[in-house]
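These are the residues of each chain, in order.
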Number of protein chains: 2
Amino acid sequence: MNYNKITIADGARAELHDSLKLTGAEISVNVLPAGGGVPFVHSHKQNEEIYAVLEGRGTALIDGERVDLKANDWLRISPSAKRQIFAAADKPLKYLCIQVKENSLEGYTLTDAVL
Amino acid sequence: MNYNKITIADGARAELHDSLKLTGAEISVNVLPAGGGVPFVHSHKQNEEIYAVLEGRGTALIDGERVDLKANDWLRISPSAKRQIFAAADKPLKYLCIQVKENSLEGYTLTDAVL
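Residues numbered from 1 in each chain as written. Chains lettered and ligands numbered in written order. Predicted model: local features only at pLDDT ≥ 70, side-chain atom pairs only at ≥ 80, totals over all residues. Heavy atoms only, no water.

Caption draft 1: Structural view of the overall build of chain A. A tally of helices and strands in chain A yields 0 helices and 10 strands. Its helices and strands taken in sequence order, chain A reads β-β-β-β-β-β-β-β-β-β from the N to the C terminus. Taking the principal axes of its C-alpha atoms as reference, chain A extends roughly 45 × 30 × 25 Å. Restricting to contacts in chain A with at least 6 residues of sequence separation, those with at least 24 account for 65%. Counting only carbon and sulfur atoms, one obtains 53% of the accessible surface of chain A, whose full area is about 5100 Å². For chain A, the distance from the average position of its 13 positive side-chain charges to the average position of its 15 negative side-chain charges is 3 Å. (Helix = DSSP H or I, 4+ residues; strand = E, 2+ residues; numbered from the N terminus. Contact = heavy atoms within 4.5 Å. Areas by Shrake-Rupley, 256 points an atom, 1.4 Å probe, with all protein chains shown as cover. Lys, Arg positive; Asp, Glu negative; His and termini not counted. Charge placed at Lys NZ, Arg CZ, Asp CG, Glu CD.)

Below, the structure is given as structure tokens:
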């Protein structure tokens, strides 16, 4: 199959690897309620994580450093960094988390495209 | 540096690889005006592309097949597929395009995370 398409219900949490048949990334769509947070700190063995904030406000704690988050913010976090994500007290936080293997990208855009 | 953060201006087009210091993906934030489209067909040598529709409606032409797009839709397109993206006649299309090397992901989530 040369493509797959799925539709995510508005406001739903979803992990896309299996449903989209991804082979180069895992992507999750996440919504933390106001005052909520991911209940654990984690790091990664191999994967760079990229966070895209779609709506709301929140905070990332990265190796103990507090990083404010709002819509249109993007974060890249190195595999070994310890991270935890929280929504603001008064607003839900909707964000994407994209996992890719660190240093796996070779060419891209002009060097990978065929016109 | 264990992380990088950037903020994209609302409605702006942006390519994130260099500004976010990405090593496993290239990501672009795109806005096509109503009636507009990417002016060329392209495919890729190595990279899987993942499209996330954030706002609006449009169409992807994939190997000549017409695929309707609306907010909350996600598409995975194989490297060799010929693709072209269009906004609907009456609505702009805001979308992300994520390029990753096909088959580059090894572990993820539970098999790559360290708690």
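Caption draft 2: The pattern of salt bridges, seen in detail. Counting across every chain of the model gives 16 salt bridges over all chains. Taking the shortest distance from any N to any O, the salt bridge between A:R83 and A:E49 comes out at 2.9 Å. Linking A:R83 in strand β8 (residues 83–87) with A:E49 in strand β5 (residues 47–62), this pair joins segments that are 34 residues apart in sequence. Given a relative accessible area of 2%, A:E49 falls into the buried group. Between B:R57 and B:D90 there is a salt bridge, with the nearest N and O atoms lying 3.0 Å from each other. (Salt bridge = Lys/Arg side-chain N within 4 Å of Asp/Glu carboxyl O. Buried < 20%, exposed > 50% of the residue type's maximum accessible area, 1.4 Å probe, protein only.)

Caption draft 3: Region of interest: the relation of the copies chain A and chain B. Superposing chain A onto chain B takes a rotation of 180 degrees plus a shift of 0.0 Å along the axis, which leaves an RMSD of 0.0 Å. Taken together, the rotation and translation describe the operation of a two-fold axis. Taking C-alpha positions as the reference, the residue of chain A nearest the rotation axis is A:S104, at 3.1 Å. The overlap is high: 100% of the interface residues of chain A also sit at the interface in chain B, so the same surface is used on both sides. (Least-squares fit on C-alpha atoms with pLDDT ≥ 70 in both.)

Caption draft 4: Here's a closer look at the interface of chain A and chain B. Facing 65 residues of chain A, the contacting portion of chain B comprises 65 residues. Across the pair A:K5 and B:D73 runs a salt bridge, and its minimum N-O distance is 3.4 Å. At the junction of chain A with chain B, the criterion picks out 60 residue pairs in polar contact (both at pLDDT 80 or more). Of all the secondary structure elements, the ones that give two or more residues to the side of chain A that touches chain B are β1 (3–7), β3 (26–32), β4 (43–44), β5, β6 (65–70), β7 (73–77), β9 (93–101) and β10 (113–114) of chain A. At 6 residues, β9(A) tops the list of elements feeding residues into the side of chain A that touches chain B. Where β10(A) lies against strand β4 (residues 43–44) of chain B, 2 bridges are found, and the strand directions are antiparallel. Across the sheet, A:A113 pairs through a bridge with B:H44, a residue of β4(B). (Polar contact = N/O pair within 3.5 Å; in protein donor to acceptor, adjacent residues only side chain to side chain. Pairing = 2+ DSSP bridges.)

Caption draft 5: Structural context of unusual backbone geometry. With a phi angle near 80 degrees, A:N72 is a residue other than glycine that sits in the positive phi range. Examined against the element boundaries, A:N72 turns out to sit in the loop between β6 and β7. The phi torsion at B:K21 lies on the positive side, around 60 degrees, for a residue other than glycine. Here B:K21 falls in the exposed class, since its relative accessible area comes to 52%.

Caption draft 6: Structural context of the pairing of β7(A). Within β7(A), 5 of the 5 residues are buried, leaving the element largely enclosed by the surrounding structure. Both faces of β7(A) are covered, namely the face carrying A:D73, A:L75 and A:I77 and the face carrying A:W74 and A:R76. Bridge count between β5(A) and β7(A): 4 bridges; the pairing is antiparallel. From the neighbouring strand, A:I50 faces β7(A), where its bridge partner is A:R76. Looking at chain direction, β7(A) and strand β1 (residues 3–7) of chain B are connected through 5 bridges and run antiparallel.

Caption draft 7: Spatial organisation of the packing of aromatic side chains. Residues and elements named next belong to chain A. Counted under the stated rule, the structure contains 2 aromatic pairs over all chains. On the basis of an interplanar angle of 35 degrees and a centroid distance of 5.8 Å, the ring pair of Y51 and Y95 is categorised as tilted. Taken together, the residues Y51 in strand β5 and Y95 in strand β9 connect sequence positions 44 residues apart. Taken as a pair, Y51 and Y95 share a single burial class, namely buried. (Phe/Tyr/Trp six-rings, centres within 6.5 Å; stacked < 30°, edge-to-face > 60°.)

Caption draft 8: A look at the pairing of strand β9 (residues 93–101) of chain B. Residues and elements named next belong to chain B. The buried fraction of β9 is high, at 8 of 9 residues. Looking at chain direction, strand β3 (residues 26–32) and β9 are connected through 7 bridges and run antiparallel. If you follow S28 over to β9, its bridge partner there is C97. The pairing of strand β5 (residues 47–62) with β9 spans 9 bridges and is classified as antiparallel. Its bridge partner being in β9, G56 is matched across the sheet by L93.

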